Structures are given as structure tokens and as C-alpha cells.
Amino acid sequence: MTKPWDVTSEHLLRELAPQVLGAVARRFRDFSSAEDAVQEAMIAAFTQWPREGVPENPRGWLIQVASRRMTDLVRSEIARRQRETTVARDVEIMEPSVDIESDMDPDDTLILLFMCCHPALTSSSAIAMTLRAVGGLTTTEIANAFLVPEATMAQRISRAKQSIKTSGVPFRLPSAHERAERLPVVLHVLYLIFNEGYASSIGAHLQRLDLAREAIRLTRCAKALLPGDAEVAGLLALMLLTDARRAARTGPHEELIPLNKQDRTLWDRTEISEGIEHLTAALSKGSVGLYQLQAAVAAVHDEAARTEDTDWPQILALYELLKRVSPSPMVTLNHAIAAAMVHGPSKGLELLETLDTDDRLAGHYRLDAVRAHLLEMVGDCESAIKHYRIAASRTTSIPEQNYLMTQAARLAEK
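Residues numbered from 1 in each chain as written. Predicted model: local features only at pLDDT ≥ 70, side-chain atom pairs only at ≥ 80, totals over all residues. Heavy atoms only, no water.

J.: Before we move on, can you summarise the overall build of the protein chain with the specific residues and values?
T.: When helices and strands are tallied, the protein chain shows 19 helices and two strands. Looking at the protein chain as a whole, 49% of its 414 residues are labelled buried. Considering only residue pairs separated by 6 or more positions, the protein chain has 65% of its internal contacts joining residues 24 or more positions apart. Here the protein chain displays about 20,000 Å² of accessible surface, and carbon together with sulfur accounts for 52% of that area. (Helix = DSSP H or I, 4+ residues; strand = E, 2+ residues; numbered from the N terminus. Buried < 20%, exposed > 50% of the residue type's maximum accessible area, 1.4 Å probe, protein only. Contact = heavy atoms within 4.5 Å. Areas by Shrake-Rupley, 256 points an atom, 1.4 Å probe, with all protein chains shown as cover.)

Given below as C-alpha cells:
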């Protein structure tokens, strides 16, 4: 029995894509070909489902179509190379059947995550490729996350696929030992998927709830797989403590509402409680990592009943520790904000100067946005207006662009 095609069906297809890719890649152990096969299955669905209705088991339908494509490809390869007896038996094993999902793991997307973090790849290449395959992010969105040009990221993803193909290392389900080795990269991918979902870097919408929720779901799966890992728990805590503010981040017309202006009664107290519980358990293990520290910052914000109650000295201390544990331009940027809130905006502006020569962030809209805010705090409205406008011209997020232009207009009217 089929269901009619509607606006939710397209959303369903996007959600199913990484699950289907995980199942097909796991079965055939050829990522690049599996990705092409899944794309063909998606095209077939977009063509047929509006006309014939959505199948009762849409994931099974997509896997079956993609698997048939892969089987045809394998058969063609067998014929070309004249691999007869041994490989022919493998093809029969992979022949799609009515019971196409019988060997599927319910968390095939998580399995795909670990598979994509391939030993033939550098960490950055594995993350980039996985964000495409699992997160469904565009090349532009991934480039924004890495602070690099889109063309650079496109080449990186292409080289990653080619590296897997030429390495001779099979694209297969990792062992328990391999999963432990690949975990840091997997967590980084989940972190970036969540960030893109919570604050979309491009387009008309500030948030992509599908990405944020999927990142939380997969992180829960990772925690179930590795219940004793403190960084997995720290990442889950960070996501929950951040996602708890989601309902207060936008107004009725999807306009951005900054943290200090949010209605804190809209914050999800259940998520905050769960996040703090995971964070407390993680910190009790004694080793403090990147995600635990970021979660601790989020917890300080969430526990403040009012903006003016925020414990900024504690946040500043946490960012100083983060700079030692995992230095990055974004950590330095946030450290400058915290320093401004504790020691005054002039101190924050002084710290921002160190980022002007950092190629990873120089020219990024966030640097101009923070500088504009701190210039406004010291009373230099003319310079603040200039940097708000520069920041607005550099962001590809329409809600953020509108917010920054509104701040410039507000100051110009004074």
C-alpha cells in the first residue's frame, strides 16, 4: 500500500539517503559506486513517488533499487574481467531479495560514519567526505565549517574518494579496535553536523532541525556503543545544552534573537537537566577534553536565570583552558568575547587583533561581527556600523545578514 506524495516526502528522502548509503556501502564495500547507486535510487524516487505514491517501506525500496544498480555494476565488472566462479558466487550472495533489510543494522548511518573515517584518509579529508555522505551537507556548507574556499573543499572531497579507491584498503565495517581509533574523527563529524543544524551557514533559515536532531540521535547511538567514553558523553551534553535554547533563538518571522535577548522561559529544562547529568558524569572520569569544556561553557549559560547572572569569569577560565587543550581561531574569538565581558571591551578588541593575521579567520564575518559588537560597547558607533555592514556582506546566512544589517541601522539612527 502506498501513501500520497506530499511536502514531507521530500524531507523523508533526505533523511533516508545516509541510511541507505550506509546499508549499500556496508554490503558491497565500495563507497564511491554505492554513492552513485544511491543517487540513482533517489532520482528514481523523485521521479516515481510523486506519480505512484510513497512505498510502504521507502527505505527498503531505495535500498533495493540501489542494490540492483550495484549488482548490475558488479556483474558488468565480472564480465569485463572474466571473474567467473568465485566472484559470481559473491554476486549471488548480494542479489537483492524481498527481504532486503534482513541483514541491516538499525544504526546503519552510525556504521557509515565509522566506515567513512577510512585509514587511507587524513582526518580533515575523512571529515569532509563524511559530512557529504552522512550529513548531506553541500560543499559550500562544508567549506564554511572548515573556513576554506568552496573550490578547495570540492577538490578535497574528490581526492578523498580517489584515495579510498586506490588504497586497496577495503571499505568495510570497522572492528572494535578500529572504531576506537576512528572515534575522534567521528565525533568531530557529529559536532559539525550539529553546528550546521543549529546555526545554518547558508540560506533563508537560521536552523536546520533535521540535521541537529540527527546529530543528537547519532551521538546517543555512539554513547550506547561506547558508554564509558567521556568525550562522547561530553559531546552529547554539549548538543543537549545548546539545543535546549532552540525555541528562543528565533522570532515569529525566523529573525535571529541573540543569547542575551532570549526569553529563557522558552529554554528546554529537560534537555538542560539531561545535558548537565551527562556532563557531570563525564567530568567525574578525570580527563577533560574539548567537548566537555564546551559543554561546561554551555552549562554556565544555561544555569543563569538572567543574562546579568551569567558567570563570565568562569566562562573566561574555561576558554583559557580550551585554548590550551584545543586551540583554534573560533576558540580565540570566543575567548576574546569572554575577556571583554570580564575585563571590558577594550581588552576584547586587543585580543581580536591576533586573529587579523590568521588566514583561517581573517575576512570571516564572525570576526567582523564580534568586533562591531565590542566597538559598540566602547562607544565607537561609526566603526561599529562599518563592521556590522562588512559582516553582513560576508555571511551567506540570510537571518544572520538581516540581524547584522538591523544592528547597523539601529546605530545609524542614534
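J.: Tell me about helix α12 (residues 269–283), residues and numbers included.
T.: Here α12 contains 15 residues, and its C-alpha end-to-end distance of 21 Å stays within 8% of the 21 Å for a straight helix at 1.5 Å per residue. The set of residues buried in α12 consists of E271, I272, G275, H278, L279 and A282. All buried residues of α12 lie within an arc of 130° about the axis, which places them on one face of the element. Exposed and oriented more than 90 degrees from the buried face of α12 are T270 and E277. Residues of α12 that are buried sit in contact with α10 (209–225), α11 (230–243) and α13 (290–303). Of the residues that open α12, the one with a side-chain oxygen 3.0 Å from the backbone nitrogen of T270 is D268. (Expected span 1.5 Å × (residues − 1). Arc of directions from axis to C-beta. Polar contact = N/O pair within 3.5 Å; in protein donor to acceptor, adjacent residues only side chain to side chain.)

J.: Describe the pattern of salt bridges, with residues and values.
T.: Inspection of every chain in the model, using the stated rule, returns 16 salt bridges. For R306, the salt bridge is made with D309, and the minimal N-O distance between the two is 2.9 Å. By relative accessible area, D309 is classed as partly exposed at 35%. Across the pair R366 and E400 runs a salt bridge whose closest N-O atoms are separated by 3.9 Å. Of this pair, R366 sits in helix α17 (residues 365–378) while E400 sits in helix α19 (residues 398–412), and the two are 34 residues apart along the sequence. Residues joined by salt bridges that share partners form a network here, namely E141, R208 and D210. (Salt bridge = Lys/Arg side-chain N within 4 Å of Asp/Glu carboxyl O.)

J.: Give me the lowdown on the packing of aromatic side chains, citing residues and values where you can.
T.: Tallying each qualifying case throughout the model produces three aromatic pairs. A centroid spacing of 5.4 Å and a plane angle of 55° characterise the contact between Y191 and Y291, whose relative ring orientation is tilted. One end of the pair, Y191, is in helix α9 (residues 176–198); the other, Y291, is in helix α13, with 100 residues separating them in the sequence. In this pair, the class of Y191 matches that of Y291, namely buried. Taking the centre distance of 5.8 Å and the plane angle of 10° together, the rings of F194 and Y198 count as stacked. Highlighted residues: F194 and Y198, both in helix α9, separated by four residues, approximately one helical turn. (Phe/Tyr/Trp six-rings, centres within 6.5 Å; stacked < 30°, edge-to-face > 60°.)

J.: Lay out the nonpolar core with the relevant residues and their values.
T.: Ranked by internal contacts, the top residues of the largest apolar core, which has 116 residues, are V24, L131 and L352. Per-element tally for this core: the top contributor is α9, with 11 residues. With residues up to four places along the chain from it excluded, the contact list for V24 reads R29, A34, V38, I63, A66, S67 and M70. (Core = buried A, V, L, I, M, F, W, Y, C linked by side-chain atoms within 4.5 Å.)

J.: Give a detailed account of the side chain of T130, specifying residues and quantitative values.
T.: By the element assignment, T130 lies in helix α6 (residues 123–133). In contact with T130, not counting residues within four places along its chain, are L113, C116, C117, G135 and V189.

J.: Can you tell me about the packing of α9 against α11, naming the residues and giving the values?
T.: Close contact between α9 and α11 brings their axes to 11 Å; oriented N to C, the two are set at 5°. Our classification of the angle between α9 and α11 gives roughly parallel. Together, L183, L187, L190, Y191, F194 and Y198 of α9 and E231, V232, L235, L238, M239, T242 and D243 of α11 make up the contact between the two elements. For the contact of α9 with α11, a count of residues per class yields 10 nonpolar, one polar and two charged. (Axes fitted to C-alpha atoms, helices over the stretch in contact; angles between N-to-C directions. Parallel < 35°, antiparallel > 145°, perpendicular 65-115°, else oblique. Nonpolar A, V, L, I, M, F, W, Y, C, P; charged D, E, K, R; others polar.)

J.: I'd love a proper account of α17, names of residues and values included.
T.: Between the first and last C-alpha of α17 there are 20 Å, a value that for 14 residues agrees with the 20 Å anticipated at 1.5 Å per step. Counting buried positions along α17 gives 10 out of 14 residues, so the element sits mostly inside the fold. Buried residues of α17: Y365, L367, D368, A369, V370, R371, A372, L374, L375 and E376, and no others. Tucked into the core, α17 has its buried residues touching α15 (329–343), α16 (345–352), α18 (381–394) and α19.

J.: Any chance you could break down unusual backbone geometry for me, citing the residues and the numbers?
T.: The backbone of L147 sits at a positive phi, close to 60°, despite the residue not being glycine. Considering the arrangement of structural elements, one finds L147 in the loop between α7 (139–146) and α8 (150–167). For E254, which is not glycine, the phi dihedral falls at a positive 65°.

J.: Would you mind going over the packing of α9 against α10 in detail, with residue names and values included?
T.: Where α9 meets α10, the closest approach of the two axes is 7 Å, and the angle between their N-to-C directions is 155°. By the angle between their directions, the pair α9 and α10 is classed as roughly antiparallel. The interaxial crossing formed by α9 with α10 has left-handed handedness. For the pair formed by α9 and α10, the contact residues are R179, L190, I193, F194, E196, G197 and Y198 on the first element and L209, L211, A212, A215, I216, L218, T219 and L225 on the second. (Left-handed = near helix turned anticlockwise from the far one by under 90°.)

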